[in-house]
Amino acid sequence: MAVFALVDCNNFYVSCERVFDPRLEGKPVIVLSNNDGCAVARSNEVKQLDIRMGAPVFKEKDKIRRYGIQVLSSNYALYGDMSQRVVQVLSGFCPDMEVYSIDESFLDLSHMGGQNLTALGRRIGATVKKHTGIPVSVGIAQTKTLAKIAGRIAKKSARTQGVLDLSETRYHDRALEITEVEDIWGVGRRYAKFLRVYGITNARELRDADAAFIRKKMGINGLRLIEELKGRSCYPLDSNPLPKKNITVSRSFGRVVGCLDELREAMTSYATRGSEKLRSEKLVAGVMAVFLMTDRFRPERFYYHTETVRLSVPTNNSPEIIRGALSCLESIYKEGCLYKKAGIFFHELGSESMAQRGLFDTVDRERSSRLMDSLDRINASMGKDTLRYASSGLSATRTWPTVFNHRSPAWTTRWDQLPLVR
DNA sequence: TCTGGGGTCCTAGGACCC
DNA sequence: TCTGGGGTCCTAGGACCC
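Residues numbered from 1 in each chain as written. Chains lettered and ligands numbered in written order. Predicted model: local features only at pLDDT ≥ 70, side-chain atom pairs only at ≥ 80, totals over all residues. Heavy atoms only, no water.

Attention now moves to the overall build of chain A. The helix and strand tally for chain A stands at 13 helices and 12 strands. The C-alpha atoms of chain A give 24 Å as radius of gyration, which agrees with the globular expectation for 422 residues (22 Å, within 12%). Judged by the C-alpha coordinates and their principal axes, chain A covers about 65 × 55 × 50 Å. Here chain A holds 422 residues, and the buried ones make up 44% of them. A sequence separation of at least 24 residues applies to 68% of the contacts in chain A between residues at least 6 apart. As displayed, chain A offers around 23,100 Å² of accessible surface, 52% of which is attributable to carbon and sulfur atoms. Between the mean site of the 64 positive side-chain charges and the mean site of the 48 negative ones, chain A shows a separation of 3 Å. (Helix = DSSP H or I, 4+ residues; strand = E, 2+ residues; numbered from the N terminus. Rg over C-alpha atoms; globule rule 2.2 N^0.38 Å. Buried < 20%, exposed > 50% of the residue type's maximum accessible area, 1.4 Å probe, protein only. Contact = heavy atoms within 4.5 Å. Areas by Shrake-Rupley, 256 points an atom, 1.4 Å probe, with all protein chains shown as cover. Lys, Arg positive; Asp, Glu negative; His and termini not counted. Charge placed at Lys NZ, Arg CZ, Asp CG, Glu CD.)

Domain boundaries in chain A define domain 1 (1-143), domain 2 (170-241) and domain 3 (247-392). The centre of domain 2, based on its C-alpha atoms, is set 40 Å off from the matching centre of domain 3. (Domains from an automatic or database assignment.)

The next subject is a nonpolar patch on the surface. Side chains of Ile378, Met382 and Leu387 sit close together on the surface and give an oily, nonpolar patch of about 260 Å² of accessible area. Here Leu387 falls in the partly exposed class, since its relative accessible area comes to 38%. (Patch = residues over 30% accessible without salt bridge, like charges linked within 9 Å, V, L, I, M, F, W, Y side chains within 5 Å. Salt bridge = Lys/Arg side-chain N within 4 Å of Asp/Glu carboxyl O.)

Quick look at the protein's contact with DNA strand B now. The environment of DNA strand B is formed by 26 residues, the closest being Asn34, Thr248, Ser250, Ser252 and Arg296. The protein-proximal atoms of DNA strand B, defined as those within 4 Å of the protein, are 73% sugar or phosphate. Contact distances for DNA strand B include 3.0 Å between a phosphate oxygen and a side-chain N or O atom of Lys341. In terms of residue class, the surface near DNA strand B is made up of seven nonpolar, nine polar and 10 charged. (Near = heavy atom within 4 Å. Polar contact = N/O pair within 3.5 Å; in protein donor to acceptor, adjacent residues only side chain to side chain. Nonpolar A, V, L, I, M, F, W, Y, C, P; charged D, E, K, R; others polar.)

What follows is about the pattern of salt bridges. Close approach of charged atoms lets side chains of opposite charge pair. Across all of its chains, the model carries 24 salt bridges by this definition. A salt bridge links Arg52 to Asp50, with the nearest nitrogen and oxygen atoms 3.4 Å apart. We classify Asp50 as partly exposed; its relative accessible area is 46%. A salt bridge links Glu348 to Arg310, with the shortest nitrogen-to-oxygen separation between them at 3.1 Å. Of the two residues, Glu348 is situated in strand β12 (residues 339-351) and Arg310 in strand β11 (residues 304-315); the sequence distance between them amounts to 38 residues. Several salt bridges share partner residues, and in doing so they unite Asp173, Arg174, Glu177, Arg204, Arg207 and Asp208 into one network.

The side chains of a regular strand alternate, residue by residue, between the two faces of the sheet. Most of strand β1 (residues 4-9) sits out of view: six of its six residues are buried. A two-sided burial pattern is seen for β1, the buried positions comprising Phe4, Leu6 and Asp8 on one face and Ala5, Val7 and Cys9 on the other. Bridge analysis of β1 against strand β7 (residues 136-141) gives six bridges, and the strand direction is antiparallel. Considered in β7, the bridge of Phe4 is made with Ala141. Across five bridges, the pairing between β1 and strand β6 (residues 104-108) is antiparallel. (Pairing = 2+ DSSP bridges.)

Next up on the list: the nonpolar core. Counting residues in each nonpolar core, the largest one holds 34 residues, and the members touching the most others are Phe12, Leu90, Leu107, Leu109 and Ile140. Put simply, the parts of the chain that give this core at least two residues each are β1, α1 (12-20), β2 (29-32), α4 (76-93), α5 (117-132) and β7. Here this core gets six residues from one element, more than from any other, and that element is α4. Contact partners of Ile140, with chain neighbours within four places excluded, come to Val3, Phe4, Ala5, Leu109, Leu117, Ala150, Val163, Leu164, Asp165, Leu166 and Ser167. (Core = buried A, V, L, I, M, F, W, Y, C linked by side-chain atoms within 4.5 Å.)

Before going further, it helps to spend a moment on the sheet that holds strand β10 (residues 283-294). If you walk across this open sheet you meet the four strands as β9-β12-β10-β11, and the pairing is antiparallel. Pairing within the sheet leaves two strands with one partner each, and these edge strands are β9 (247-257) and β11. Each neighbouring strand pair of the sheet contributes to a mean axis angle of 15°, computed without reference to strand direction. In the sheet, β10 pairs with β12 via 11 bridges, with the strands oriented antiparallel. Bridge assignment links Phe291 to a residue of β12, and that residue is Gly343. In this fold helix α11 (residues 260-280) packs onto β9, β10, β11 and β12, with an angle of close to 155° to the strand it touches most, β9. Sheet contacts for helix α12 (residues 318-332): β10, β11 and β12; angle to β10, the most-contacted strand, approximately 30°. (Axes fitted to C-alpha atoms, helices over the stretch in contact; angles between N-to-C directions.)

On to the sheet that holds β2, then. Here we have three strands laid out as an open sheet, ordered β3-β2-β4, and mixed in their pairing. The sheet terminates laterally at β3 (39-42) and β4 (70-72), the two strands that pair on one side only. The mean inter-strand angle of the sheet, taken between neighbouring strand axes irrespective of direction, is 25°. Two strands pair when backbone bridges link them, and β2 and β3 are joined in this way by three bridges, in the antiparallel orientation. Its bridge partner lying in β3, Leu32 is registered against Ala39. Contacting β2, β3 and β4, α1 crosses the sheet at an angle of about 110° to β2.

For the rest of this paragraph, the subject is the packing of aromatic side chains. Given two aromatic rings, one states the distance between the centres and the angle between the planes to describe the pair. The final tally for this structure, using the stated rule, is 17 aromatic pairs. Taking 4.2 Å as the distance between ring centres and 10° as the angle between the ring planes, the aromatic pair formed by Tyr13 and Tyr79 counts as stacked. Residue Tyr13 is found in helix α1, and its partner Tyr79 is found in helix α4; the two are separated by 66 residues along the sequence. You'll find Tyr13 and Tyr79 in the same group, each marked buried. On the numbers, 5.6 Å between centres and 70° between planes, the contact of Tyr100 with Phe106 is edge-to-face. For Phe106, a relative accessible area of 0% puts it in the buried group. Over the ring of Phe106 we find Lys144; its NZ or CZ atom is 4.9 Å from the centre of that ring. Between Arg407 and the ring centre of Phe404, over which it is positioned, the NZ or CZ distance is 4.1 Å. (Phe/Tyr/Trp six-rings, centres within 6.5 Å; stacked < 30°, edge-to-face > 60°. Lys NZ or Arg CZ within 6 Å of the ring centre and 35° of its normal.)

Dropping the structure here:
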């Protein structure tokens, strides 16, 4: 029989910040999305104040002031690094693991038969906390969907001390009954609303619902969901995820932008970031697309336009991609619009080593790839954007970049920002 | 004034073919 | 009154995830 454990970092971004700034311990803390827009991580104290995941921060100004909530911009360099440390510790417990997201991993415990799994879960939690400072919850069950449910209960109920083992079927009914339908993995807002209309309000009712009906309304995934809730695994551990199919770089601007020159700077910087991402995954793109959009919260004058081009030869070379992106940008730019966001997509990704040379390709690929290599190495060792393209604009005069007004230092990834202990 | 970013998979419908 | 049927491929859009 399959047994999965879900290890989920509690309030991950907030916990990362607390590791390096213990003054935040015990205080209400939120971490914001890009542009300091919405709350994307909340400490338990904040969750109790009924500030929702994704809540726009300007709507919560009152509560922030009244309760003295500490507000931080996101610091992805820190979270990415802390995430790797957690994965490192987990891999010592179980070689068969799937890193599901920045703060969650599934472990395959099928071959740990005979062990007390709750005790194992506790050891995992204690070790992660000791080695990284990050608190985790552990849910254990026969399927990933049930492990998610177990993990959720473990996180909320103090009695579980952070670990809940549901691998014994007799506990299922109770656990599923206390899980609201919208809290099931795979049930989003739309399906939750629909299910409630038909009187299905919790996970037990969904498990026992008519499979043909669910198949018809929710497709094949609805059927799989029911099977998983019954304890029959449909989603195996995926330890070698397939290579990416798309790569996106997009950002909201710090303020609206109407001027083409400024849009060129922003697009240069997104195209550069996109090329870096391609190179770091050893991929080349065959097709790219650029988009521009105005403020989506002003639907009466909303403008969104996109332009797609096929690259003459699949590439990850920054100058080529920048050139293509700027020419797309010019073809969709409309004077008089105030843009709020732009971005670039890459499709038809292929492996760098398999990339074919075009018949009429005049670029010296060998040489330009060595140049990109040196560029990446310098930026990796001396800090992001140490070397960048002039068309991305001078730092002092740029007004479009995304805002991070409350960012903590890159404690773990920049020599110049290491914490000092006095 | 102020509302993120980056992904995946599935389905329906149209074009096209025999 | 009358419309073939069935396959494949592609794309757009919807739903979900963190």
